[in-house]
Structures are given as structure tokens and as C-alpha cells.
Amino acid sequence: MTNAAAPVRSPTHLVLIPSYNPGVKLHDTVRQARAHWSPVWVVVDGSTDGSAEWLHEEATRDPGLRVLVLARNGGKGAAVLHGIGQAAREGFTHVLTMDSDGQHPAELIPRFMAASQAAPRAMVLGVPQFGAEAPRIRVLGRKVSNGWANLETLGAGIGDSLFGFRVYPIAPLARVMRGQRFMRRFDFDPEAAVRLAWAGVPAVNLPAPVRYFSAEEGGVSHFKYLRDNALLTWMHTRLFLGFVLRLPVLLWRRVAAHREYE
């Protein structure tokens, strides 16, 4: 490690990085994550860019890094589900997910993990702080998704529904994912936040800067505007119907919480 301070080591919390053809930023992402935390696992989601080979070579020199490889691309959610299944079998209770393309702030990993350790029942959600380079259409689209997520949970406190830099308690996340066939691709992050809120998992929100890199800077985006917005629209349609069915329970929970603080 190049950092003077050793990375924090944990037997319960690990960093999980789903990765699909991530580009050159993968190197910095993995090394920076390892500089701040151990262990770090990368799930290679059917990548065809040679990144699995580099990761395996890196792991031979670094016992705090593990590489899990999926033969076919199944989507971000599928990669996370594979990772948390293995993590649970080895006794881990929480994962911090982050993207492999360098957009997420590795230096905040210890802070987010500490928040999770202080409130282990909660999901710790990053709330993105955008720079001037952030595509305006993505920022506006995020506001729409956040509005739907807060409606679908009766304002359960989801600060941002789409930002993938967050800590999940493994057991409830695995339950909600295995209970249905969705949440396997780009719909994973918003649906995970909503369904965990429905399951009674509280949210802790922490600010985090996000950086959008241009292609010249090595940035890679797999976001397809029509395809992924159609997926999100279908997802929120399903979630709204689920919200209507759960409305009595959500209202009762809101009333009970209000009485508790009277």
C-alpha cells in the first residue's frame, strides 16, 4: 500500500465492487479501496476487456483482495447477489458497494463503514454531491427517481435512490432479492433502497462527492438512455403497485413512530 496508514480491517464489513468492462479507472479504484479497507472483493460480471486477468494478478500480490468471476454478464444486481451470498457464507454481515469506474470516493469508505457499525440495522446511503462535469440530464433524471422512491416509501428517508456508494446489511438485502426476480440490472440500487425500507430497514444518509469522467479521462458508461430509463419506468410502476398494497402497513409504521417520539 502507498498510504502511510494501514487500511482498516474488518471481519464483518467488506467492500464489494461489481465490475463489467470498467476501463482503466479500475486500477485506481481497486488500489484506492484497498488503501482504505480490507477486505475488498471484486465481482467480475462477465467482462471481456481483460480486467479479470489484471485483477487475478493483483490478488496474487495482495491477500486483502479477492476476485470472483461470473462467466456471463448478468447485471449489477446479479453480481452483488453473488458477492453477498459468498460473503454471508464466510461470516460477513455488511457490504459497502461501489462502482469500479472511479466515480465513487474511496477515501470515505471508513466513514461509511463506521456509520454502519454504529447502526448495524441500517442501510447507509451515499447522497451524491455533483461537480460541474455531471451530465445535466442524469442529475434531473435522478430527481425524478428520488421523488418516486420517497413516495413509494412514504418518506422513509431515502436521500438518494440511485447512488451506488452505500452500505447494506447482507441478511435483509439477500432476503428481498431472493424473494423476486427483479433487481438484477440497472434497477438494483433504487429497488434495493425501496424494498429495504419496506422491510423496516432504516436509512442513514451521508454526503459523498461523485465524479463523472470524460472518455478522454478514461471514463466508461454503460448507461443506455432509452433502455435504462424504460427499465426504471417499469421498476417504479411495479414499486408503486407494491406501495399501494403495503400502504396500510406503512401508515401504521408512520403513526407508531410518531407516537414513540411524542
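Look up a bit, the structure's there.
This structure is a prediction, so every number in the text was calculated from the model and none was measured. (Residues numbered from 1 in each chain as written. Predicted model: local features only at pLDDT ≥ 70, side-chain atom pairs only at ≥ 80, totals over all residues. Heavy atoms only, no water.)

Observations concerning the overall build of the chain
Thinking step 1. Of the regular secondary structure elements, the chain holds 8 helices and 9 strands.
Thinking step 2. Across the 262 residues in the chain, those meeting the buried criterion constitute 49%.
Thinking step 3. Partitioning the contacts of the chain with sequence separation of at least 6, the portion at a separation of at least 24 is 81%.
Thinking step 4. A total of about 12,500 Å² of accessible surface is found on the chain, and carbon and sulfur atoms cover 59% of it. (Helix = DSSP H or I, 4+ residues; strand = E, 2+ residues; numbered from the N terminus. Buried < 20%, exposed > 50% of the residue type's maximum accessible area, 1.4 Å probe, protein only. Contact = heavy atoms within 4.5 Å. Areas by Shrake-Rupley, 256 points an atom, 1.4 Å probe, with all protein chains shown as cover.)

Focus on the packing of aromatic side chains
Thinking step 1. Counting across every chain of the model gives 7 aromatic pairs.
Thinking step 2. With a centroid separation of 4.8 Å and 70 degrees between ring planes, the pair formed by Phe112 and Phe165 is classed as edge-to-face. Of this pair, Phe112 sits in helix H4 (residues 109–118) while Phe165 sits in the loop between helix H5 (136–152) and strand E8 (166–169), placing them 53 residues apart in sequence. Taken individually, Phe112 and Phe165 each receive the classification buried, so the pair is uniform in this respect.
Thinking step 3. Linked through ring pairs, Phe112, Phe163 and Phe165 together constitute an aromatic cluster.
Thinking step 4. One cation-aromatic arrangement involves Arg238 over Phe182; the distance from NZ or CZ to the ring centre is 3.6 Å. (Phe/Tyr/Trp six-rings, centres within 6.5 Å; stacked < 30°, edge-to-face > 60°. Lys NZ or Arg CZ within 6 Å of the ring centre and 35° of its normal.)

Some remarks on the pattern of salt bridges
Thinking step 1. Within this structure, the stated rule accounts for 11 salt bridges.
Thinking step 2. Here Glu57 ties to Arg61 by a salt bridge, and the two come within 3.4 Å at their closest N and O atoms. One end of the pair, Glu57, and the other, Arg61, are both in helix H2 (residues 51–61), 4 residues apart, so they sit about a helical turn from each other.
Thinking step 3. Judged by relative accessible area, Glu57 falls into the partly exposed class, the value being 45%.
Thinking step 4. A salt bridge links Glu58 to Arg61, with the shortest nitrogen-to-oxygen separation between them at 2.7 Å. Of the two residues, Glu58 and Arg61 both sit in helix H2, 3 residues apart, roughly one turn of that helix.
Thinking step 5. For Arg61, a relative accessible area of 52% gives the class exposed. (Salt bridge = Lys/Arg side-chain N within 4 Å of Asp/Glu carboxyl O.)

Observations regarding helix H6 (residues 170–178)
Thinking step 1. Among the residues of H6, Ile170, Pro172, Leu173, Ala174, Val176 and Met177 are the ones counted as buried.
Thinking step 2. Packed against the buried residues of H6 are helix H3 (76–89), strand E6 (94–97), E8 and helix H7 (188–198).

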